[in-house]
Amino acid sequence: MEEQACLVRARSDSESSSKLGSFGSLSQSYTMTYNQGKLNVPGPEASGDPGHAGNMASAPQDNADSNESGELLDYNDSSVLEQFHEDALRQAGCGLSQLKVYVAVGLAVAGASLELASIAFVLPSAEIELCILPHEKNWLVLITIMGWSLGGVGWGALAERGGRRRALHSALAVNAVFATIAAFMPTYGTFMMARFCSAIGSGGIISTGFTYAAEVAARGYRTALLATLPASMGAGILLSAGLAQAILPSTGPEALVENKEHFSAWHRYLLLCTLPIIASLISLIWTPESPRYLLDVGREVDAMMVYQSIHSGNQTRICGRKAALSGEADYRLGELSLPGKRRPPALHHVRHSVKMFWQAFFQLFSSTYRNTTLSLGGMLVFAVAIQCYLSLYVPAEVANIDNRQYDTSKKIITNITYDNVNYNETLENANYIDVTFTNCTFRDILMSHVEFVNCTFVGTALANIKTSYTVFRACAFYNSNIIDTDMEPGRELVQCALNGTTVRGMRGVCARHADLRWSQRGRLAERTLAAHAALFAAPLLVPRRLQKPPAPVAICALLILLSPSIYFAQSEMALYIVEAVYGLIIIVIFFGVGVKIVDTYPANLRCTAHGLILSIAYMVGAAVRGMSEYSPPLLSALLCAYFAIMATGIATRLR
């Protein structure tokens, strides 16, 4: 018995009378049959379109000009397509076909989170080699966020024109190429430029990949599958910490020694960080285009073949016969009614594409979607603002705690004379005041946070010395040698008298002090907690009621209740835990907004809406991040509470 799935372009007069002004009166009928689970497509003669046998959705030539009017798809018709799409996916089932898509998108999300998380591990080593000044260290994070902002809106808009899979593939390619280039850059300027271009690519991963993953899963299990994406984010952060622990030096002195290598560890670390992106690029080869996108641009035959491919891929062979993993073994599709006038294929005409590009943005703020766009955007903007604020506040506050502890442990040596003493171990955190060194030797050592004030050096040799925040102030050198060090008069040697003293073999270095007190231990703890927060957020996203009012209001209200903890967290681990809890709640909001976008907007606005909302959120987050470095705990708690109150108030407008 032959099962039929009909794509009918005809409408009854009463049904289409209201659409004649926009769609015209042209009608056609195409029939595709499924016989024993296989798609049978009529030939050119049957389709009535001999010039385009491969695309049965092509309109006749006499309607081609009217297709360039730039009108968006009528949303009543979009609801018909959406219902057909859901029916088709429900019958196709859930199995291996969806698994391939979610593996590809999950690797992409892991790669994007890995790229941002890796900055904290790379900077301490890179600042030594690339001569990064203290005020420049924050630029790399800001330029990455700005690249994400541009990439989110750009790739999101391109995904509406060229397809979800193609846009995601292109974004990943840009990300992989420039991330690899960045690993070889010799200066900080070129390194930042390569990372900026890489961030533009990774910025499109969420806006395109989230919609792509959502559109290959039926509504019944879509949310559960999308919950794997925050788990992928957590896996990416965890991988960044694991790679850093295995490859990068764990302390400042180790980084100083390791930096002598031609291709130091942080370069190798960045290369390994591109592996998830490359793996995602390769895995996309075996995934189809979103069938919902294909329906939206009039490629019904391609869409039907994707549905058939999903159904076939979701079957497995058990005891020599096929059995469906989910859904019925016989694949049946109902009747689909389409308007006579359709939007032309992607990039059909440059003028048309540009016009559609701008109209899509304007459509987001039409009366139908204005409240949703402003509500989702405002809620995400303030949530991301809190996350970006804490991402700099917590490390800065931890550094202040460490500095206070470091200063209290400083050794002060005064009015002592040392004769014939050999110093061959690290000198750290000490002040020498009115001390005399006679016939002493400082060789092959590191001086970190050491200050010599009004000291006298007689017959003393200083050779092969590395310094970090070390200064000789108003000291006198008599018949001494300063050879092969990074000390220079006027910088480390301030107002010093050099009498009969040889100063040679000075190495030209940049005008900065590299702080070598750091340890990867704190960063590893911070990233590990953040990864666990993302992994724990994944199961919280499975229930669909979390995306329905009043759940978003309750979730944002948790941010208000959590804000006093910023003031009371006075230890390093307490600050990391507070940041991780904030991160968990914000990830729930972040991915909840994505699910709401897929459920609310029509197919031809989803990626654009997601990209625009993410872009604005990233830009605001970048602006807010600069406010947090020197803010006291009370002000920080009040500011985060204000952001949380604004997010909660906006969430009440969601319907």
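Details of the structure are given in the entry above.
Residues numbered from 1 in each chain as written. Predicted model: local features only at pLDDT ≥ 70, side-chain atom pairs only at ≥ 80, totals over all residues. Heavy atoms only, no water.

**Q** Mind showing me how you'd approach the packing of helix α5 (residues 96-129) against helix α8 (residues 188-214) here?
**A** In a packed pair of helices, the relevant descriptors are the angle between the two axes and the axis-to-axis distance. Viewed as axis vectors pointing N to C, α5 and α8 meet at an angle of 145 degrees, and their least axial separation amounts to 9 Å. Along this stretch, α5 crosses α8, giving a crossing that reads as left-handed. Taking contact as the criterion, the partners of Val-101, Tyr-102, Val-105, Ala-108, Val-109, Ala-112, Glu-115, Ser-118 and Ile-119 in α5 are, on α8, Arg-195, Ser-198, Ala-199, Ser-202, Ile-205, Ile-206, Gly-209, Tyr-212, Ala-213 and Ala-214. Residue composition of the contact of α5 with α8, by class: 13 nonpolar, 4 polar and 2 charged. (Axes fitted to C-alpha atoms, helices over the stretch in contact; angles between N-to-C directions. Helix = DSSP H or I, 4+ residues; strand = E, 2+ residues; numbered from the N terminus. Left-handed = near helix turned anticlockwise from the far one by under 90°. Contact = heavy atoms within 4.5 Å. Nonpolar A, V, L, I, M, F, W, Y, C, P; charged D, E, K, R; others polar.)

**Q** How should I be thinking about a nonpolar patch on the surface in this particular structure?
**A** There is a patch of nonpolar side chains on the surface, built from Leu-272, Leu-275, Ile-278, Ile-282, Ile-285 and Trp-286 and spanning about 570 Å² of accessible area. Per element, the largest residue contribution to the nonpolar patch is 3 residues, and it comes from helix α13 (residues 275-283). Position of Leu-272 among the secondary structure elements: in helix α12 (residues 265-273). (Patch = residues over 30% accessible without salt bridge, like charges linked within 9 Å, V, L, I, M, F, W, Y side chains within 5 Å. Areas by Shrake-Rupley, 256 points an atom, 1.4 Å probe, with all protein chains shown as cover. Salt bridge = Lys/Arg side-chain N within 4 Å of Asp/Glu carboxyl O.)

**Q** I would appreciate a short explanation of unusual backbone geometry in the present structure.
**A** Among all residues except glycine, the phi angle is most often negative; among peptide bonds, the trans geometry is most common. Even without glycine at this site, Asp-434 takes up a positive phi of about 55 degrees. Locating Asp-434 in the fold gives a position in the loop between β10 (427-433) and β11 (436-438). Positioned with a positive phi, Asn-464 is a non-glycine residue whose angle comes to about 50 degrees. For Asn-464, the position within the fold is in strand β14 (residues 461-468).

**Q** What should I look at first to understand the side chain of Ser-113 in this one?
**A** Relative to the helices and strands, Ser-113 is located in helix α5. Side-chain polar atoms of Ser-113 contact the backbone oxygen of Ala-110, separated by 2.9 Å. Setting aside residues up to four positions removed in sequence, Ser-113 forms contacts with Ser-232, Met-233, Gly-236 and Ile-237. (Polar contact = N/O pair within 3.5 Å; in protein donor to acceptor, adjacent residues only side chain to side chain.)

**Q** When you look at the packing of aromatic side chains in this model, what are you seeing that I'm missing?
**A** Two descriptors summarise a pair of aromatic rings, namely the distance from one centre to the other and the angle between the planes of the rings. The final tally for this structure, using the stated rule, is 26 aromatic pairs. When the ring of Phe-84 is compared with that of Tyr-307, the centres are 6.2 Å apart and the planes differ by 75 degrees; the resulting orientation is edge-to-face. Taken as a pair, Phe-84 in helix α4 (residues 75-92) and Tyr-307 in helix α15 (residues 300-313) lie far apart in primary sequence, 223 residues in all. Comparing Phe-84 with Tyr-307 shows no difference in burial state: the two are buried. Ring geometry for Phe-437 and Phe-457: centres 5.0 Å apart, planes at 10 degrees, overall stacked. With Phe-437 in strand β11 and Phe-457 in strand β13 (residues 456-458), this pair connects stretches of sequence that are 20 residues apart. A relative accessible area of 0% means that Phe-437 is categorised as buried. Ring pairing ties together the aromatic residues Tyr-418, Tyr-423, Tyr-432, Phe-437, Phe-442, Phe-452, Phe-457, Phe-472 and Phe-477, which thus form one cluster. (Phe/Tyr/Trp six-rings, centres within 6.5 Å; stacked < 30°, edge-to-face > 60°. Buried < 20%, exposed > 50% of the residue type's maximum accessible area, 1.4 Å probe, protein only.)

**Q** For this particular structure, what's the right way to read the packing of helix α10 (residues 228-247) against helix α18 (residues 520-540)?
**A** Closest axis-to-axis distance for the α10/α18 pair is 7 Å, and the angle between their directions is 160 degrees. Our classification of the angle between α10 and α18 gives roughly antiparallel. Handedness of the α10/α18 crossing: left-handed. Along the contact surface, α10 presents Pro-230, Ala-231, Met-233, Gly-234, Ala-235, Ile-237, Leu-238, Ala-241, Ala-244 and Gln-245, while α18 presents Leu-524, Arg-527, Thr-528, Ala-530, Ala-531, Ala-534, Leu-535 and Ala-538. (Parallel < 35°, antiparallel > 145°, perpendicular 65-115°, else oblique.)

**Q** Mind showing me how you'd approach helix α6 (residues 139-162) here?
**A** Counting along an α-helix, one turn takes 3.6 residues, and residues three or four places apart therefore face a common direction. Given a rise of 1.5 Å per residue, 24 residues ought to cover 34 Å, and the 33 Å separating the end C-alpha atoms of α6 matches this to within 8%. Count one or two residues on from α6 and you reach Gly-163, which has phi positive near 110 degrees. (Expected span 1.5 Å × (residues − 1).)

**Q** Explain the nonpolar core here, please?
**A** Taken as a class, soluble globular proteins show a tendency for nonpolar side chains to be buried jointly. Among the nonpolar cores identified, the biggest contains 127 residues, and Phe-191, Ile-386, Leu-390, Tyr-582 and Ile-589 are the most heavily contacted of them. For this core, the element with the highest residue contribution is helix α21 (residues 572-600), accounting for 17 residues. In contact with Tyr-582, not counting residues within four places along its chain, are Ile-386, Gln-387, Leu-390, Leu-559, Leu-562, Ser-563, Ile-566 and Cys-640. Tyr-432, Ile-445, Phe-457 and Ile-465 belong to the second largest nonpolar core, which has 23 residues in total. (Core = buried A, V, L, I, M, F, W, Y, C linked by side-chain atoms within 4.5 Å.)

**Q** Could you clarify how one ought to interpret the pairing of strand β17 (residues 481-485) in this entry?
**A** Across 4 bridges, β14 lies against β17 in parallel orientation. Considered in β17, the bridge of Ile-465 is made with Thr-485. The pairing of β17 with strand β20 (residues 502-504) spans 3 bridges and is parallel. Paired with Asn-481 across the bridge in β20 is Thr-502. (Pairing = 2+ DSSP bridges.)

**Q** Teacher, can you tell me more about the sheet that holds β13 here?
**A** Sheet strands pair by backbone hydrogen bonding; their relative direction is either parallel or antiparallel. On the basis of which strands lie adjacent, the open sheet formed by 5 strands has the order β8-β11-β13-β16-β19 and parallel pairing. Looking along the sheet, the strands with just one partner apiece sit at the ends: β8 (417-419) and β19 (497-499). Across the sheet, the mean angle separating the axes of adjacent strands is 10 degrees when strand polarity is ignored. Sheet topology places strand β16 (residues 476-478) next to β19; 3 bridges connect them, and they run parallel. By the bridge assignment, Ala-476 is partnered in β19 with Ala-497.

**Q** Which parts of the structure should I look at to understand the pattern of salt bridges?
**A** Side chains bearing opposite charge may pair, as long as their charged atoms lie close to each other. By the definition in use, this model includes 15 salt bridges. The partner of Arg-222 in a salt bridge is Asp-599, with the nearest N and O atoms 3.5 Å apart. With a gap of 377 residues between them, Arg-222 in helix α9 (residues 219-226) and Asp-599 in helix α21 connect regions that are remote in the sequence. Taking the relative accessible area as the measure of exposure, Asp-599 reaches 27% and is therefore partly exposed. Of the charged contacts, one joins Arg-299 and Asp-302 as a salt bridge, the two residues approaching to 2.9 Å between their closest N and O atoms.

**Q** What is the right way to look at the side chain of Thr-208 in this model?
**A** By the secondary structure assignment, Thr-208 is in helix α8. Setting aside anything within four residues of it in sequence, one finds Thr-208 in contact with Trp-155, Gly-156, Ala-159, Arg-164, Ala-167, Leu-168 and Cys-607.

**Q** Would you explain α10 in this entry?
**A** Across its 20 residues, α10 extends 28 Å between first and last C-alpha, which sits within 8% of the 28 Å expected from 1.5 Å per residue. The set of residues buried in α10 consists of Leu-229, Pro-230, Ser-232, Met-233, Gly-234, Gly-236, Ile-237, Ser-240, Ala-241, Leu-243 and Ala-244.

**Q** What is the right way to look at the pairing of strand β12 (residues 441-453) in this model?
**A** Relative to β12, strand β9 (residues 422-423) runs parallel, the two sharing 2 bridges. Residue Tyr-423 lies in a different strand from β12, and its bridge partner there is Phe-442. In the sheet, β10 pairs with β12 via 6 bridges, with the strands oriented parallel. Along β12, the bridge assignment pairs Glu-428 with Ser-448. Where β12 lies against β14, 7 bridges are found, and the strand directions are parallel.

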